[in-house]
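Structural description and commentary
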Amino acid sequence: MENPHDNASQQNTPQQQPANEQPPISENSVVPEIEPEQNNDVAFNSRIDLSGLQNAVEKIKAELAKVIVGQHAMLEMLVVSILADGHSLIEGVPGVAKTITAKLLAKTLAVDFSRVQFTPDLMPSDILGTSVFNVKTSEFEFKKGPIFSNIILIDEINRAPAKTQAALFEVMEERQITIDGARYKMEPPFLVFATQNPVEQEGTYALPEAQLDRFLFKINVPYPSLAEEIQILTNEHQRENKLALDMVAPVLSAAEIAQYQKVIRQIIVEPNLLAYIAAITENTRNNANLFLGASPRASLAIMNASKALAAINGRDFVTPDDIKKIAPAVLNHRIILTPEREMEGITTDKVVSQIIETIEIPR
């Protein structure tokens, strides 16, 4: 006699689940709100042990938090670039902690670090190295330049002339340099963090598209909020004579970085998400607002960076929200606006946002 009531309740419940499945596609910042729900599900069926990687990332963030206030998006993208084995271009006005963040991040890694200040008179040999005649042996010996390191910070990369910038083409893409017919390979990890000021144009040389394409990310660093700036002042006042670099300790070795980079490659990406990435990139090539679209290297960058972001958040699979969060930093320096849109004040970030909103999210 109770069966009719049971049937009625069974008919009402299945209808409610699909209604809340679709996230809004008009906002790029929905990922932090969505990911905690996904992490709860993955805790029961994760196929890859990501606990060590997550702990390492939290340690890095904790060390940087001793000095850096806010700038969470920049820190997350820099950590993602390390795990995805990609270079990062950090762009922002002077004084927003671009250089100090890169130096502190390098300090958290127990690897070699070198810094190169780009200037208009810098020569390629000042970066790569040069052959020097040895009087004792009567032979030329190659003296390695500062590029032979694990983490290289290039400060004000757009201040060096084109021939010096071009010296980075081979080493950033192939992790090697060729001089006098000899090939020298870089020891892993090999990552370039470069900074530039988007406002000042005098005495600078715009980076060519070929070099911009070699950066995994272009990270735009905004001003801090009022509360963050008050905290910056408070921390600096209380620090007294302590140096910022002395407050940060290394937490990751080169071997651990290589191990976690291998873990990232195992993160699962479903075929429909690969098609989603390709559709985003392909749309940039046929977009009426753009003069130049993104290459397949951009698609690879989105895929690899999305894997790293998923792993950081404790998931062994990529979601559409990972792709939506990563895509702007991957694409904004790889596309060129048409002159008409540039004169109208349209930005590449806005065009990328429109593209992401236009393409249907896979289900």
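Structure: above.
Residues numbered from 1 in each chain as written. Predicted model: local features only at pLDDT ≥ 70, side-chain atom pairs only at ≥ 80, totals over all residues. Heavy atoms only, no water.

1. Focus: the overall build of the protein chain
Counting its regular elements, the protein chain contains 16 helices and 13 strands. A buried classification covers 48% of the 363 residues belonging to the protein chain. Partitioning the contacts of the protein chain with sequence separation of at least 6, the portion at a separation of at least 24 is 80%. Carbon together with sulfur atoms contributes 53% to the accessible area of the protein chain, which is approximately 19000 Å² in total. (Helix = DSSP H or I, 4+ residues; strand = E, 2+ residues; numbered from the N terminus. Buried < 20%, exposed > 50% of the residue type's maximum accessible area, 1.4 Å probe, protein only. Contact = heavy atoms within 4.5 Å. Areas by Shrake-Rupley, 256 points an atom, 1.4 Å probe, with all protein chains shown as cover.)

2. Observations regarding the pattern of salt bridges
Evaluation of the coordinates by the stated rule reveals 14 salt bridges. Lys325 is the salt-bridge partner of Glu76, the closest N and O atoms lying 2.9 Å from each other. Taken together, the residues Glu76 in helix α4 (residues 72-83) and Lys325 in helix α14 (residues 320-331) connect sequence positions 249 residues apart. Judged by its relative accessible area of 12%, Glu76 falls in the buried class. A salt bridge links Glu344 to Arg341; the nearest nitrogen and oxygen atoms lie 3.3 Å apart. Through salt bridges with shared partners, a single ionic network connects Glu173, Asp213, Arg297 and Arg334. (Salt bridge = Lys/Arg side-chain N within 4 Å of Asp/Glu carboxyl O.)

3. Here we look at the sheet that holds strand β3 (residues 113-117)
What the five strands build is an open sheet, ordered β3-β6-β9-β1-β10; its pairing is parallel. Of all strands in the sheet, those with a lone pairing partner are β3 and β10 (215-220), marking the two edges. Taken pair by pair, the neighbouring strands of this sheet meet at an average axis angle of 15°, ignoring direction. Bridge count for strand β1 (residues 87-91) against β10 is five bridges, and the pairing is parallel. Residue pairing in the sheet places Leu89 in a bridge with Lys218 of β10. Across the face of the sheet, α4 comes into contact with β1, β9 (191-196) and β10 while running at roughly 175° to β10. (Pairing = 2+ DSSP bridges. Axes fitted to C-alpha atoms, helices over the stretch in contact; angles between N-to-C directions.)

4. Brief notes about the nonpolar core
Formed by 75 residues in total, the largest nonpolar core has its most connected members in Leu53, Leu83 and Phe217. Broken down by element, the residue count for this core peaks at 10 residues, all from helix α13 (residues 296-312). Dropping the residues within four chain positions of it, Leu53 is found in contact with Leu83, Tyr260, Val263, Ile264, Ala311 and Ile312. Grouped together as the second largest cluster of nonpolar side chains are 26 residues, Leu89, Leu122, Ala167 and Val192 included. (Core = buried A, V, L, I, M, F, W, Y, C linked by side-chain atoms within 4.5 Å.)

5. Quick notes on helix α12 (residues 271-285)
Its 15 residues give α12 an end-to-end C-alpha distance of 22 Å, which sits within 8% of 21 Å, the value for a rise of 1.5 Å per residue. Residues of α12 that are buried make contact with β12 (290-292), α13, α14 and α16 (348-358). (Expected span 1.5 Å × (residues − 1).)

6. Overview of the environment of Lys103
Relative to the assigned elements, Lys103 resides in helix α5 (residues 98-107). You can call Lys103 partly exposed: its relative accessible area is 22%. Dropping the residues within four chain positions of it, Lys103 is found in contact with Phe113, Arg115, Leu153 and Leu245.

7. Quick word on the side chain of Asp322
Note on placement: Asp322 falls in helix α14. Of the polar contacts made by the side chain of Asp322, one reaches the backbone nitrogen of Thr319; its length is 3.0 Å. (Polar contact = N/O pair within 3.5 Å; in protein donor to acceptor, adjacent residues only side chain to side chain.)

8. With respect to the pairing of β1
Of all the five residues making up β1, five are buried; the element is thus mostly covered by neighbouring parts of the structure. Residues His87, Leu89 and Glu91 point to one face of β1 and Ser88 and Ile90 to the other, with burial holding for every one of them.

9. Remarks on unusual backbone geometry
Note that the residue after Pro188, namely Pro189, is joined by a cis bond; omega there is -5°. Backbone geometry at Gln71 places phi at a positive 50°, although glycine is not the residue there. Its location among the elements puts Gln71 in the loop between α3 (51-65) and α4. Residue classification places Gln71 among the buried positions, given a relative accessible area of 12%.

10. Focus on the packing of aromatic side chains
Counted under the stated rule, the structure contains four aromatic pairs. Seen from their ring centres, Phe133 and Phe140 are 5.3 Å apart, and the 65° between their planes marks the pair as edge-to-face. The exposure class of Phe133 is partly exposed, given its relative accessible area of 44%. Judged by its relative accessible area of 61%, Phe140 falls in the exposed class. Chaining the aromatic ring pairs together yields one cluster made of Phe142, Phe148 and Tyr184. Geometry around Phe169 places Arg214 over its ring, the cationic atom sitting 4.9 Å from the centre. Between Arg315 and the ring centre of Phe317, over which it is positioned, the NZ or CZ distance is 5.9 Å. (Phe/Tyr/Trp six-rings, centres within 6.5 Å; stacked < 30°, edge-to-face > 60°. Lys NZ or Arg CZ within 6 Å of the ring centre and 35° of its normal.)

Honestly, that's just the spatial picture; any functional story needs more than this.
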